[in-house]
Every structure is written in structure tokens, then in C-alpha cells.
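Coordinate inspection notes
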Amino acid sequence: MIPAAPLPMQPRRWQQAWREAVRDPRELLALLGLEALAARVPAEAAAQFPLRVPRGFVARMRHGDPADPLLRQVLPLDEELRPVPGFGLDAVGDGAARAAPGVIRKYRGRALLVATGSCAVHCRYCFRRHFPYAEETAAAAGWRGAVEAIAADPDLDEAILSGGDPLSLATPKLAELTAALARQAPHLRRLRIHTRLPVVLPERVDAELTGWLAALPWPVAVVVHANHANEFDPAVDAAMARLRAAGATLLNQAVLLRGVNDSVEALAALSERGFAGGVLPYYLHQLDRVAGAAHFEVEDARALALHAALRERLSGYLVPKLVREVAGDASKRPL
């Protein structure tokens, strides 16, 4: 019997999956058989930084396991409400590095565009969970100020699309931005895209998106964000394959998170599973000390010990760089 040809991806499929994301912590817990955890999910924490998680990502969580590493990344907990000295609203100095509305300049040769404040998943450790997106997005005034800032600096080699998540934007909107950059900033040599969507909402990587990527005039690096091997599944692998076929280089950056991936076994599995899906490990970040995320922090001594054990266990190309972002530094700081 000749197998049936796979059905083509339906247009707008990813927008539908976006709209159907789980937004109520009680619904999330009910889906996982964890209603007893509701007492640890205060309304205030969910109000300060609302829950959002695609149902496809929920399907990768272990039913009945309150310690599931994917659940821990998205579930609002009472621990977020405890003030901790040293944890603030702008953990990495974004405000001081503002070069124009929605443009952040920290490192030589690179400019980061905060393309949007939207994201398909709200990670509880997000270093921009308090960022003033309403005033600071590059999309303001049709990208004009952001593009002009980049065009005016011939020392810039690389534009970085970030957010939120830049792939939250419709592809025609992304094409509008990159066309303006290509037209007004011919000195750019590379484009980098920081995104979690291919992991949490792989439907986003559709034919329209890959067509846009393939037509871009620059080499493109897509830096995805997965923290645990369980975030990968066949749908994510297929999305990564489509990105590679469009010519993108795929890298992964992870955050070292207590209770999620703070073991040699978890970190090794993440590198190996990501590489099997076509993604090369890039960075392992120490937690940015943003208010509400202190319960995820791993002490430096333990982080260094884990990284040393990872080097002993894996081939060098599977070992991400262990780094911390420090406001005012000229680059990520190696640990």
C-alpha cells in the first residue's frame, strides 16, 4: 500500500493554536490532574504576570507530576511574591542600553530590536517580565525610528530580532521590517532571531515563514530556547528541519533553572536531544536576577560544578558556554 501523502499545513493554523492557549492556572492544573496544587497558585502572581501556555506544550508535561520540568517553567507560584534582595525589575540593564524606541545597544556591532511584547508562552523566569513593552517596541510608528537608528550606525554588522518573541508577529509584518532594514541599512551582514515559538508552538514554522527566511539577503541565525529535553518532540523536530531547509543556522540557549535542569543528566540530555533535532547548544545562562524568579536560582559554585561535569561527559560541540549577563559589560560574562 502506498502511504498517503502528508496533508499540507493549513494556513493560519498557528494563529488558531495561539488563540487556544491555556490562560487559567486552574485549567492547566485540571488538565494535568494536579488540582491539589491550586493552593500554591495565588491570584496575585497570575495577575502580575499572566499564565499563557500552548496546549501542545502542555501535552508534553507529565500527568500527575507536580515537579514536571515543563510545568515548573510556566506555573505561577506563591514563591514569586516573596521579595528577595538583589532581584529587581530590570535585571540586565535594558533601560540604560536604550538607543531608540525598541532598540537596545549593549555590544559592539550588534543592535537588538524589541520587535513585540507578545509571546506564545510566559516563562516565569523571563528577564523581561517587567519590561515596559507599551512604550518600548521597535514596531512603533511602522518601525521608522528603529530602522533609522540602525541605518545611522555603519559600525553595526548584525540586527537581532527579539521581544517578547518576534515570531509572534505575522510574517508580512516581519517582511516589512526586514525589507526596511535591507533598504536603509546596507552595512548589515547578519540577521539573528531569538525565538521560543518553534519549541512551544511549532505550527508557527509554516511555508509563509520559511519562504520569508529563505528570501532574506543575509545569513540568518535562529536562536531557539529550550531548557529541557522533554520540550522536543516530533513536531518540534519537523519545525527545526523546516528552518534548516530555509537556510537558517540553529542554536539553542537555555537558562540554568533550579528544579528544571540543574543536574548533569538533564543538561546532557538537553544538548543531545537538541542536537538530534538539528540544534547546536550555544549558551547556558545563569539566571537573570529579575523580581519574581529567585526560586529558580542555582548558586554559581553548583553551576560551575555542573558545567565541568558536562565537559567531561560530552563532546566539546555539545557543551554550551556557561555565561551571565551583567549590565554594562561589553559581552556576556563567562563563568
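Before reading on, note that the structure itself is shown above.
Residues numbered from 1 in each chain as written. Predicted model: local features only at pLDDT ≥ 70, side-chain atom pairs only at ≥ 80, totals over all residues. Heavy atoms only, no water.

What about the overall build of the protein?
Heads up, the rule is: To qualify as a helix, a DSSP run of H or I must reach at least 4 residues; to qualify as a strand, a run of E must reach at least 2; elements of each kind are numbered from the N terminus. Radius of gyration means the value over C-alpha atoms here, while the globule rule gives 2.2 Å times the residue count to the 0.38 power. The buried label applies to any residue whose accessible area, calculated with a 1.4 Å probe on protein chains only, is under 20% of its type's maximum; exposed applies above 50%, and partly exposed to all values in between. The contact criterion used is simple: two residues touch if any of their non-hydrogen atoms lie within 4.5 Å. A 1.4 Å probe and the Shrake-Rupley method give the accessible areas. Residues count as covered only by the protein chains that appear here. Residues scored as charged are limited to Lys and Arg (positive) and Asp and Glu (negative), so that His and the chain ends carry no count. Each charge is placed at NZ for Lys, CZ for Arg, CG for Asp and CD for Glu.
Summing up its helical and strand segments, the protein has 12 helices and 10 strands in all. Its C-alpha radius of gyration of 20 Å places the protein within 12% of the 20 Å reference for a compact globule of 335 residues. In terms of overall dimensions, the protein has C-alpha extents of about 65 × 55 × 45 Å along its principal axes. Out of the 335 residues belonging to the protein, those deemed buried represent 54%. Partitioning the intrachain contacts of the protein with sequence separation of at least 6 by distance along the chain shows that 82% fall at a separation of at least 24. Of the roughly 14,800 Å² that the protein leaves accessible, carbon and sulfur atoms contribute 56%. Charge centroids of the protein, computed over 40 positive and 37 negative side chains, lie 3 Å from each other.

Thoughts on empty space enclosed by the protein
Defined as follows: Here a cavity denotes grid points, spaced 1 Å and computed from the protein atoms alone, that fit a 1.4 Å probe unable to get out, and a pocket denotes an open set having protein on both sides within 12 Å along at least 5 of 7 lines; residues with an atom within 4 Å of a point are the lining. Grid points are joined across faces, edges and corners, and a volume is the space filled by probe spheres set on the points. Residues are grouped as follows: Ala, Val, Leu, Ile, Met, Phe, Trp, Tyr, Cys and Pro are nonpolar; Asp, Glu, Lys and Arg are charged; all remaining types, including Gly, are polar.
If you walk through the whole model with that rule in mind, you get 1 cavity of 30 Å³ or more. If you add up the space inside the largest cavity, you get close to 100 Å³. Surrounding the largest cavity, 16 residues form its lining, N252, L270, S271, P281 and P320 being those nearest its centre. Residue assignment for the lining of the largest cavity shows that the elements contributing at least two residues are β7 (249–255), α11 (264–276) and β8 (280–285). Across the lining of the largest cavity, the residue classes tally to 13 nonpolar, 3 polar and no charged.

Digging into the layout of surface pockets
The volume enclosed by the largest pocket comes to roughly 1,100 Å³. Around the largest pocket sit 49 residues that line it, and F127, R128, S162, H194 and Q253 are the ones nearest its centre. For the lining of the largest pocket, the elements supplying multiple residues, two or more each, are β3 (110–114), β4 (158–162), β5 (190–195), β6 (220–224), β7 and β8. No other element matches the 5 residues that β5 contributes to the lining of the largest pocket. Taken together, the residues of the lining of the largest pocket sort by class into 24 nonpolar, 12 polar and 13 charged. By volume, the second largest pocket amounts to about 240 Å³. Lining the second largest pocket we find 17 residues, and of these R13, A17, G56, P202 and E203 sit closest to its centre. Secondary structure elements with two or more residues in the lining of the second largest pocket: α1 (13–19), α4 (55–58) and α10 (234–245).

Notes on the packing of helix α7 (residues 171–184) against helix α9 (residues 207–215)
Stated formally: For helices, the fitted axis covers only the stretch in contact; all axes are lines through C-alpha atoms, and the angles between them, taken along N-to-C directions, range from 0 to 180 degrees. When describing relative orientation, an angle under 35 degrees is termed roughly parallel and one over 145 degrees roughly antiparallel, while 65 to 115 degrees is termed roughly perpendicular and anything else oblique.
Across the interface, α7 lies against α9 with an axial gap of 10 Å and an inter-helix angle of 10 degrees. The angle between α7 and α9 falls in the class roughly parallel. Packed against α7, whose contacting residues are T171, P172, L174, A175 and T178, the element α9 presents E208, L209 and W212 at the interface.

Looking at the pattern of salt bridges
For the record, the criterion: For salt bridges, the criterion is a side-chain nitrogen of Lys or Arg within 4 Å of an Asp or Glu carboxyl oxygen.
Counted by the stated rule, this structure contains 25 salt bridges. For R55, the salt bridge identified is with E27, shortest N-O distance 2.7 Å. A residue pair is termed long-range when its members are at least 10 positions apart, and R55 in helix α4 and E27 in helix α2 (residues 25–31) qualify at 28 residues. Of the residues examined, R55 reaches a relative accessible area of 37% and is grouped as partly exposed.

Examining the pairing of β5
Filter applied, for reference: We treat two strands as partners when DSSP finds at least two bridges between them. A right-handed crossover is one whose linking path, passing over the helix from the first strand to the second, runs clockwise when the strands point away from the viewer.
For β5, the buried fraction is high: 5 of the 6 residues fall into the buried class. As judged from the 4 bridges shared by β4 and β5, these two strands associate in the parallel manner. Following the sheet pairing, L161 is matched in β5 by I193. The parallel pair β4 and β5, bridged by α7, forms a crossover whose chirality is right-handed. Pairing geometry for β5 and β6, over 5 bridges, is parallel. The residue bridging T195 from the neighbouring strand is V224, located in β6.

Some words on the sheet that holds strand β2 (residues 103–104)
With mixed pairing, the 10 strands of this open sheet are ordered in space as β1-β2-β3-β4-β5-β6-β7-β8-β9-β10. In the strand order of this sheet, the two ends are held by β1 (98–100) and β10 (333–334), each with one partner. Looking at chain direction, β3 and β4 are connected through 5 bridges and run parallel. Within the sheet, the bridge partner assigned to L112 lies in β4 and is I160.

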